[in-house]
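# Working through the structure, step by step
One letter stands for each residue in the lines below.
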Amino acid sequence: MEFKGIPLNGTLSSFIQKMKVKGYKTVYTEDNAVIMEGEFIGTNASIAILASPKSKIVWKVGINLEKETSWSSLKSEYYKIKESYIKKYGKPLQSFERFYDPYYEGDGYELQALKMEKCTYKSYFEIPEGMIFVGMDSSGCISIGYEDGLNLKIARKEKENEIMDEI
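Please read these numbers as outputs of a predicted model, since none were measured by experiment. (Residues numbered from 1 in each chain as written. Predicted model: local features only at pLDDT ≥ 70, side-chain atom pairs only at ≥ 80, totals over all residues. Heavy atoms only, no water.)

### Overview of the side chain of Thr43
Inspection of the secondary structure puts Thr43 in strand S5 (residues 43-51). Within the structure, the side chain of Thr43 is placed 3.1 Å from the side chain of Glu66, a separation counted as a polar contact. Beyond its immediate chain neighbours, meaning those up to four positions away, Thr43 contacts Gly38, Leu65 and Glu66. (Helix = DSSP H or I, 4+ residues; strand = E, 2+ residues; numbered from the N terminus. Polar contact = N/O pair within 3.5 Å; in protein donor to acceptor, adjacent residues only side chain to side chain. Contact = heavy atoms within 4.5 Å.)

If you want it as structure tokens, here you go:
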């Protein structure tokens, strides 16, 4: 799997260096995660890169686009981005686009419903290398995630081994 032409198969440090070459700047660093900022699909974005605990292999890239200020702009942006992913990857494996009681679309409280997790807008695209999702975040922004299937298994196994070593 690739993000911005960079394979999600190397170490966290090598992935970060390749992102810097593409103009991204590091804003936060932790053991197994780095947050960078830069442009993605024409807008400012925060990019979280997650790595496995021991081998530091990148398994996920999560993107949060700039926060939208209205329900109509958020919904429009979601469908525009979803359509771009459909053009590239085909029909989503699953899509959830709904509200839960007591909220409904058109009540004027759509952003509140999203914040209260009473609204779900997410689409999952299965590709041979893993999974991509496009959705609305509870903070009012579009979030996009790339998970490499093989590296996710490595990360889970390493985390499990850490737990086993502790108990």
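From this point on, the discussion continues.
### Here's the deal with the environment of Lys75
Along the chain, Lys75 turns up in helix H2 (residues 71-89). The exposure class of Lys75 is partly exposed, given its relative accessible area of 24%. Separated by 46 residues in the primary sequence, Lys75 and Tyr121 have C-alpha atoms spaced 8.7 Å apart. Discounting chain neighbours no more than four positions away, the residues touching Lys75 are Glu105, Tyr121 and Met136. A distance of 2.5 Å separates the side chain of Lys75 from the side chain of Glu105, its partner in a polar contact. (Buried < 20%, exposed > 50% of the residue type's maximum accessible area, 1.4 Å probe, protein only.)

### Some points on unusual backbone geometry
With the exception of glycine, the majority of residues adopt a negative phi angle, and the majority of peptide bonds are in the trans configuration. Omega for the peptide link from Asp101 to Pro102 comes to 10 degrees, which places this bond in the cis form. Considering the arrangement of structural elements, one finds Pro102 in the loop between strand S7 (94-99) and helix H3 (110-115). A positive phi angle, close to 55 degrees, is found at Lys4, a residue other than glycine. Within the fold, Lys4 resides in the loop between strand S1 (2-3) and strand S2 (6-7). Accessibility expressed as a relative area gives 35% for Lys4, which makes it partly exposed.

### Regarding the environment of Ile35
Checked against the element boundaries, Ile35 lands in strand S4 (residues 33-40). Given the relative accessible area of 28%, Ile35 is considered partly exposed. Once residues lying within four places of it in the same chain are set aside, the contact partners of Ile35 are Lys25, Thr26, Val27, Tyr28, Ser46, Ile47 and Ala48.

### As for the packing of aromatic side chains
All chains considered together, the criterion is met by 13 aromatic pairs. An aromatic cluster is built from Phe3, Phe40, Tyr85, Tyr89, Phe125 and Tyr146, whose rings are joined through pairwise contacts. (Phe/Tyr/Trp six-rings, centres within 6.5 Å; stacked < 30°, edge-to-face > 60°.)

### Focus on the sheet that holds strand S3 (residues 25-29)
Strand order in the open sheet formed by eight strands is S3-S4-S5-S6-S10-S9-S8-S7, with antiparallel pairing between adjacent strands. Pairing within the sheet leaves two strands with one partner each, and these edge strands are S3 and S7. Shown here is a sheet whose adjacent strand axes are inclined to one another by a mean of 15 degrees, direction ignored. As defined by bridge partners, S4 adjoins S5 across eight bridges and the pair is classed as antiparallel. Each residue of the ladder has a partner; that of Glu37, found in S5, is Ser46. Packed on one face of the sheet, H2 meets S4, strand S6 (58-65), S7, strand S8 (119-127), strand S9 (130-136) and strand S10 (142-148) and runs near 15 degrees to S8. Most of the contacts of helix H4 (residues 149-166) go to S10, to which it runs at about 80 degrees, and overall it touches S6, S9 and S10. (Pairing = 2+ DSSP bridges. Axes fitted to C-alpha atoms, helices over the stretch in contact; angles between N-to-C directions.)

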